[in-house]
Amino acid sequence: MDISHVILYAIVPIIVVMLAGYISGKKGAFSGEDAKKFNKVVLDFALPAALFVSIVQASREDLVKDIKLTIVSAVGIMACFMAVYFVFKYCFKKNTGADAAVSALISGSPTIGFLGFAVLEPIFGTSPSVALVVAIVGIVVNAIGIPVGLSLMNASLEKQNPGSTKKESAWKPVLHALEQPVAWAPILAVIWVVVGIPWPKELSPSFDLIAKANASMAVFSAGITLSAIKIQINWQAILGSIMKMILMPAVVLILGLVFKMDPLNLKMLVVAAALPPAFSGIIIADEYNTYVATGTSSLTLSVILFIGFCPLWIWITGLCLNAF
């Protein structure tokens, strides 16, 4: 794959749109609160529509082929998620379990919902396969990673201040995650394909109009979010960025080679794993007032590093696939 194409059609547009959002935030045209509203449009409307209309156009054969994709995504991402948690909990004495949980929610989760389509489609084209990668990784991050992270954080906060958090069912975060359109829309689409109901192509334009707003609005909103936070680079922020940019794509690549994944799916999954940290982690950190400054710094640093690591991982994955 031509690296110059990746840079010009995937990386540069993201930088330009994100920079526009950043400048607008710094000039006061939009605030952090506005970014949250944009994020809600993306996560509750644009992204679910994009995922649904793309997946329902796939075939049963495509879904069967993607079973390995699901296994590698779940195992690889959650292994890295827990690795970040344990490293930040036990290697930094000042960190609490809650700090480590937020670190995992940030550096152990790719921002697939915000940048998935924006990065993958310019590189790999518009196809049901791209949507399936975004959907599967999104379900792992939202329906598994976030509930696990919240459970670990609440357990730590309860231990520090008994009675400070409400006793809730362990399944409640999972059920809450599955209630979100970004989780149930792709699941519904998969069921639609498995059942074998033909998708009327005449309905696609009704979904496409809002779906097309997904990538641009998500990236613009990310720029506004970055403009509203204070950057504080330290060793923990650097380590978090290294684990996100290097460890996760490497683990996913190795697992994909071991499981002999479809080459195209593996390339897309490695790029998805190399995406910057999930913005949802920063939102949770801010809500609980835990690890905000360092987490935000790690996110910002990772966004910058992604400019170089995205084409690098595409190149490395191509070499590995040719070698094996």
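Parameters and conventions
Residues numbered from 1 in each chain as written. Predicted model: local features only at pLDDT ≥ 70, side-chain atom pairs only at ≥ 80, totals over all residues. Heavy atoms only, no water. Helix = DSSP H or I, 4+ residues; strand = E, 2+ residues; numbered from the N terminus. Salt bridge = Lys/Arg side-chain N within 4 Å of Asp/Glu carboxyl O. Buried < 20%, exposed > 50% of the residue type's maximum accessible area, 1.4 Å probe, protein only. Phe/Tyr/Trp six-rings, centres within 6.5 Å; stacked < 30°, edge-to-face > 60°. Core = buried A, V, L, I, M, F, W, Y, C linked by side-chain atoms within 4.5 Å. Contact = heavy atoms within 4.5 Å. Polar contact = N/O pair within 3.5 Å; in protein donor to acceptor, adjacent residues only side chain to side chain. pLDDT = per-residue confidence, 0-100.

1. A closer look at unusual backbone geometry
Excluding glycine, residues mostly have negative phi values, and the peptide bonds linking residues are mostly trans.
Next up, step 1: Of note in the backbone geometry, Lys-260 takes a positive phi value of approximately 55° without being a glycine.
Next up, step 2: You can see Lys-260 is positioned in the loop between helix H12 (235-258) and helix H13 (263-273).

2. Topic: the pattern of salt bridges
Next up, step 1: Per the counting criterion, the structure on display carries two salt bridges.
Next up, step 2: A salt bridge links Lys-36 to Glu-33; the shortest N-O distance between them is 3.4 Å. Taken together, the positions of Lys-36 and Glu-33, both in helix H2 (residues 32-55) and three residues apart, correspond to about one turn of that helix.
Next up, step 3: Residue classification places Lys-36 among the partly exposed residues on the basis of a relative accessible area of 42%.
Next up, step 4: Notably, a salt bridge pairs Lys-40 with Asp-44, separated by 2.8 Å at the nearest N-O pair. With Lys-40 and Asp-44 both in helix H2 and four residues apart, this pair spans about one turn of that helix.

3. Structural notes on the packing of aromatic side chains
Next up, step 1: Evaluated as defined, the whole model comprises 11 aromatic pairs.
Next up, step 2: Aromatic pair Trp-192 and Trp-199: ring centres 5.4 Å apart, planes at 75°, arrangement edge-to-face.
Next up, step 3: Since its relative accessible area comes to 23%, Trp-192 is described here as partly exposed.
Next up, step 4: Judged by relative accessible area, Trp-199 falls into the buried class, the value being 13%.
Next up, step 5: A connected cluster of aromatic rings, assembled from ring pairs, spans Phe-52, Trp-192, Trp-199 and Phe-207.

4. With respect to the nonpolar core
Next up, step 1: In this structure, Val-119 and Cys-310 are the most contacted members of the largest nonpolar core, which totals 92 residues.
Next up, step 2: Ranked by the residues each element gives to this core, the list is headed by helix H7 (residues 128-160), at 14 residues.
Next up, step 3: Non-local contacts of Cys-310, meaning those with residues more than four positions away in its chain, are made with Val-6, Ile-11, Val-119, Ile-123 and Val-271.

5. Focus on the side chain of Ser-73
Next up, step 1: Of note, Ser-73 is situated in helix H4 (residues 67-90).
Next up, step 2: At 2.7 Å, the side chain of Ser-73 forms a polar contact with the backbone oxygen of Leu-69.

6. Topic: the confidence of the model for the protein
Next up, step 1: Across the protein, the average pLDDT comes to 84, with 93% of residues at 70 or higher.
Next up, step 2: Of all secondary-structure elements in the protein, the lowest mean pLDDT belongs to helix H8 (residues 172-179), at 66, while H13 reaches the highest, 95.

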